[in-house]
Amino acid sequence: MDMPELESKVCKILAENLSVPESQVTPKARFQEDLDADSLDLVEAVLALEEEFGVTIPEEEMEGVQTVGQAVQLVASKMGVGA
Amino acid sequence: MPEGERTVALVTGASRGIGSATCLALARTGLAVAVGYRSDPEGAEETVAKARADGGTAIAVSIDVRDEVSVDGAFGRVEAELGRVRVLVNNAGYTRDGLAVKYATEQWDATVETNLTGAFLCTRRALPGMLKARWGRIVNVASAAALRGNAGQAAYSASKAGLVGLTKSLAREVGGRGITVNAVCPGFVHTRMTEPQSEESRQRYLEMTPAGRFGTPEEVASVIACLAGPEAGYVNGAVVSVDGGLTA
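What comes next is a walk through the structure.

Parameters and conventions
Residues numbered from 1 in each chain as written. Chains lettered and ligands numbered in written order. Predicted model: local features only at pLDDT ≥ 70, side-chain atom pairs only at ≥ 80, totals over all residues. Heavy atoms only, no water. Helix = DSSP H or I, 4+ residues; strand = E, 2+ residues; numbered from the N terminus. Rg over C-alpha atoms; globule rule 2.2 N^0.38 Å. Buried < 20%, exposed > 50% of the residue type's maximum accessible area, 1.4 Å probe, protein only. Contact = heavy atoms within 4.5 Å. Areas by Shrake-Rupley, 256 points an atom, 1.4 Å probe, with all protein chains shown as cover. Phe/Tyr/Trp six-rings, centres within 6.5 Å; stacked < 30°, edge-to-face > 60°. Buried area = accessible area lost by both parts, 1.4 Å probe. Salt bridge = Lys/Arg side-chain N within 4 Å of Asp/Glu carboxyl O. Nonpolar A, V, L, I, M, F, W, Y, C, P; charged D, E, K, R; others polar. Pairing = 2+ DSSP bridges. Right-handed = clockwise from strand over helix to strand, strands pointing away. Disulfide = S-S within 2.5 Å.

1. Some details on the overall build of chain A
For chain A, the helix and strand inventory stands at four helices and zero strands. The linear arrangement of helices and strands in chain A, starting from the amino end, is α-α-α-α. Rg of the C-alpha trace for chain A: 11 Å, near the compact-globule value of 12 Å for 83 residues, within the 12% margin. In terms of principal-axis extent, the alpha carbons of chain A reach across some 30 × 25 × 20 Å. Evaluated residue by residue, chain A yields a buried proportion of 42% over its 83 residues. Restricting to contacts in chain A with at least 6 residues of sequence separation, those with at least 24 account for 59%. By element, 47% of the accessible surface of chain A is carried by carbon and sulfur atoms, the whole surface being about 4,700 Å².

2. Looking at the packing of aromatic side chains
Counted by the stated rule, this structure contains two aromatic pairs over all chains. Cluster of aromatic residues (ring-pair linked, three or more members): B:F188, B:Y205 and B:F214.

3. Structural notes on the interface of chain B and chain A
In this assembly, eight residues from chain B lie in contact with six residues from chain A. Note on chain B versus chain A: buried area summed over both sides is about 530 Å², and carbon and sulfur give 45% of it. Across the contact surface, chain B and chain A share five salt bridges. Listing elements by their share of the side of chain B that touches chain A, those giving two or more residues are α4 (105-133) and α5 (154-174) of chain B. For the side of chain B that touches chain A, the element with the most residues is α4(B), which contributes three residues. When the residues that make up the side of chain B that touches chain A are grouped by side-chain class, the tally is three nonpolar, no polar and five charged.

4. Things to note about the pairing of strand β4 (residues 85-90) of chain B
Taken residue by residue, a regular strand's side chains alternate between the two faces of the sheet. Residue and element names in this part refer to chain B. Most of β4 sits out of view: six of its six residues are buried. Relative to β4, strand β1 (residues 8-11) runs parallel, the two being bridged by four bridges. What sits directly across from V8, in β4, is V85. As judged from the four bridges shared by β4 and strand β5 (residues 136-141), these two strands associate in the parallel manner. Following the sheet pairing, N90 is matched in β5 by N140. Handedness of the crossover joining β4 and β5 through α4: right-handed.

5. Focus on the state of the cysteines
Taken as a whole and judged by the stated rule, the model has zero disulfides over all chains. Free of any disulfide, B:C122 has its nearest cysteine sulfur in B:C23, 13 Å distant.

Shown next as structure tokens:
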């Protein structure tokens with residue numbers, strides 16, 4: 001899987017989990033401010049990403065993630081997908 | 001409850017006493033029940049046999065709630081054989097009475113690990129599936145000792161009071177997702193756990209219990225089954241005493 005493909009998959013899962021239109025889920029979108037996601041929404045989204053991609057994302061690594069782009073990067077790093 | 005899906009329950013510490021009675025009560029309401037046990041596989045198999053004789057679906061599952069790996073393995077088995085756990089009853093409990101001034105650290109740790117950490121580990125493992133389903137029921141079996149102090153039970157009562165705190169915080173964390181987390185607090189119930197109590201201590205409890213008798217595991221189980229049912233969706237973070245009035 002290359003980066004654009006991964007990004008589109010991650011965005012789709014995030015849109016589904018956060019119940020927002022896919023068009024709003026852009027790399028710059030901030031979870032809390034732009035997508036109205038609370039901390040449990042984020043954990044749920046991470047659980048869905050873990051299941052989809054077969055990766056494990058520890059809680060401490062989620063802490064710095066504020067935007068969709070950062071979430072994509074985090075999943076990419078876990079999967080060894082380069083930019 | 002998710003439409004068209006068989007509801008699966010896991011009860012820990014279910015080879016006897018309240019856990020066993022809870023399995024039978026849940027099986028009678030049509031749930032597929034995983035009978036969790038640690039030290040007594042025969043008791044668990046007996047519970048399974050009784051549930052099946054009643055027309056229910058049940059399997060026995062080895063689970064040491066103090067051990068993350070064991071918890072994960074047990075949930076994996078339940079998922080493979082019955083489906084994802086939608087109802088979790090954290091019932092596995094441990095007690096060894098003794099006055100705090102001479103109480104061994106190892107006993108303290110063993111009590112807290114089983115009664116409190118064990119419930120947390122099972123709950124953490126169960127929650128992702130419940131969150132995804134937007135439905136779940138967690139019932140923590142605490143104790144009247146969580147609400148009133150008991151000389152000689154500092155560790156037990158502290159661990160059970162901790163379980164009440166866990167219940168209330170979890171209720172707030174996941175209450176918006178169709179998941180309820182409640183606690184029941186049994187008083188003096190005839191089980192193997194209360195067998196070692198001295199006759200004098202039994203008599204004292206009896207005097208403090210307005211019902212004038214001890215409870216049965218079935219009386220606690222029916223309250224747990226009610227909290228675990230689809231109709232109890234608006235009961236969340238509750239601490240329900242089943243103690244014949246002991247803490248009234």
